[in-house]
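As a plain string of letters, each chain reads:
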Amino acid sequence: MTHFFKISAVIILTVVSVVSCKSTDDEGAAMDLKAENRKSLGASSEDILSADNYSKLRIEFLFSETTKPTIESKLLIQDFVYDRANKPGGVHIIETLIPAPTNETFSLDDIREIEDEYRTQYTEEDDIAVSVYFANGHSENDTETSVTLGSAYQNTSIVVYSDTLQEFINGTGDVSLADLEVLTTTHEFGHLFGLVNISDDDIHTEGHEDTEHSKHCVVEDCLMYYASSATRAAIKTRFENRGVESIPELDALCLADLVAKGGK
Ligand SMILES: [Zn+2]
Ligand SMILES: [Zn+2]
């Protein structure tokens, strides 16, 4: 069992400064409609959090037969976003079943292609859209000692590696799939909200961003801690200690930064 505890589960943040899109003439018009959702991570944090430009928010869950998130996860993710973002018109979830890609591992380019092919919800009028893809596979960056649970890779795009989550809970009776789906998805939403210092505009000039794990929070008990936490054993302990309140919340530093961007 020793090797088991050495495996770290790092929720890797991927910062993409320039997003290139393959485009042909036929796809030109479609690309224009998607342009608002093809920006770099953090670029829409204020639009997601405040009601200034968009009063409503749609979250599209993309999944295949084996990766549909639990009903509990769906409700908790919806509540999390509703509680943090000022969207008087509501936060709505749209579920889209897609064919299962045959990849066992995915690069972020693979993920972008899948999103491009199957995502149906794009930002329009006063309704901003976010895509969360629950992938039936693993990140290509996984090694014997670390796995990626999810990534926020564009301004409104998240991938959750559902197969990795399902393998992670095997053998740990104290962590449910719903717990990990909510933990991973809300952590990645935190990055879409601009946490921590994604756009180098954090209101705290020091003491908030973890200098060793950039774009994450120094507060160990915070949802935006770099690996909500580092090892299987640590995650297990964390969930055991918390009991029913198993999902970490945002700490005061993260909340203040989020409020400064129009959130609540
Ligand atoms: Zn992260
Ligand atoms: Zn924090």
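Before going into details, it helps to say that this report is about the structure given with it. Computed from a predicted model, the values in this text were never measured in an experiment. (Residues numbered from 1 in each chain as written. Chains lettered and ligands numbered in written order. Predicted model: local features only at pLDDT ≥ 70, side-chain atom pairs only at ≥ 80, totals over all residues.)

**Overview of the overall build of the protein chain**
Scanning the protein chain from N- to C-terminus turns up nine helices and nine strands. Evaluated residue by residue, the protein chain yields a buried proportion of 43% over its 264 residues. (Helix = DSSP H or I, 4+ residues; strand = E, 2+ residues; numbered from the N terminus. Buried ≥ 20, exposed ≤ 12 C-beta atoms within 10 Å, placed from the backbone.)

**Structural notes on the packing of helix H6 (residues 162-169) against helix H7 (residues 177-192)**
Two elements in contact, H6 and H7, have axes whose closest approach is 9 Å; the angle formed by their N-to-C orientations is 135°. Looking at the two axes, H6 sits oblique to H7. Of the two possible hands of crossing, H6 and H7 adopt the one that is right-handed. Across the interface between the two elements, Leu 165, Gln 166, Phe 168 and Ile 169 from H6 touch Leu 177, Leu 180, Glu 181 and Thr 184 from H7. (Axes fitted to C-alpha atoms, helices over the stretch in contact; angles between N-to-C directions. Parallel < 35°, antiparallel > 145°, perpendicular 65-115°, else oblique. Left-handed = near helix turned anticlockwise from the far one by under 90°. Contact = placed C-beta atoms within 7 Å.)

**So, the environment of Asp 179**
Looking at the secondary structure, you find Asp 179 in helix H7. In the structure, Asp 179 is positioned 10 residues away from Ile 169 in sequence and 9.6 Å away in space, judged by C-alpha atoms.

**Overview of the pairing of strand E9 (residues 157-161)**
Within E9, five of the five residues are buried, which leaves it mostly tucked inside the rest of the structure. In E9, alternate side chains face the same way, and those of Ser 157, Val 159 and Tyr 161 on one face and Ile 158 and Val 160 on the other are all buried. Both strand E5 (residues 127-135) and E9 contribute to a ladder of five bridges, which runs parallel. What sits directly across from Ser 131, in E9, is Ser 157. The sheet contact formed by strand E8 (residues 150-154) and E9 spans four bridges and is antiparallel. Bridged to Gln 154 within E9 is Ser 157. Joining the antiparallel neighbours E8 and E9 is a turn of two residues. (Pairing = 2+ DSSP bridges.)

**Describing the nonpolar core**
Counting residues in hydrophobic clusters, the biggest one holds 56 residues, and the most contacted among them are Val 160, Met 224 and Cys 254. The biggest single contributor to this core is E5, with seven residues. In contact with Val 160, other than residues within four places in its own chain, are Val 132, Phe 134, Ala 135, Leu 149, Gly 150, Leu 165, Glu 181, Thr 184 and Thr 185. (Core = buried A, V, L, I, M, F, W, Y, C linked by C-beta atoms within 7 Å.)

**With respect to unusual backbone geometry**
The peptide bond linking Leu 195 to Val 196 adopts the cis configuration, its omega dihedral lying at -5°. Within the secondary structure, Val 196 is located in the loop between H7 and helix H8 (232-242). In the Ramachandran plot, Glu 125 falls in the positive-phi region, its phi being about 45° despite a non-glycine side chain. Examined against the element boundaries, Glu 125 turns out to sit in the loop between helix H5 (108-118) and E5. For Lys 215, which is not glycine, the phi dihedral falls at a positive 70°. With respect to the secondary-structure elements, Lys 215 resides in the loop between H7 and H8.

**Details of H5**
Buried within H5 we find Ile 111, Arg 112, Ile 114 and Glu 115. Taken down its axis, H5 places every buried residue within 165° of arc, on the same side. For H5, the exposed residues lying more than 90 degrees away from the buried face are Asp 109 and Glu 117. The inward-facing, buried residues of H5 contact strand E4 (105-106), E5, E8 and E9. (Arc of directions from axis to C-beta.)

**Observations regarding the sheet that holds E9**
Spatial ordering of the open sheet is given by E3-E2-E5-E9-E8, a layout of five strands whose pairing is mixed. A single partner strand is all that each edge strand has here, and the edge strands are strand E3 (91-97) and E8. The mean angle between the axes of side-by-side strands here comes to 20°, regardless of whether they run parallel or antiparallel. Pairing of strand E2 (residues 56-63) with E3, which is carried by seven bridges, proceeds in the parallel orientation. Bridging across to E3, Phe 61 finds its partner in Glu 95.

These figures come from the coordinates and say nothing about function on their own.
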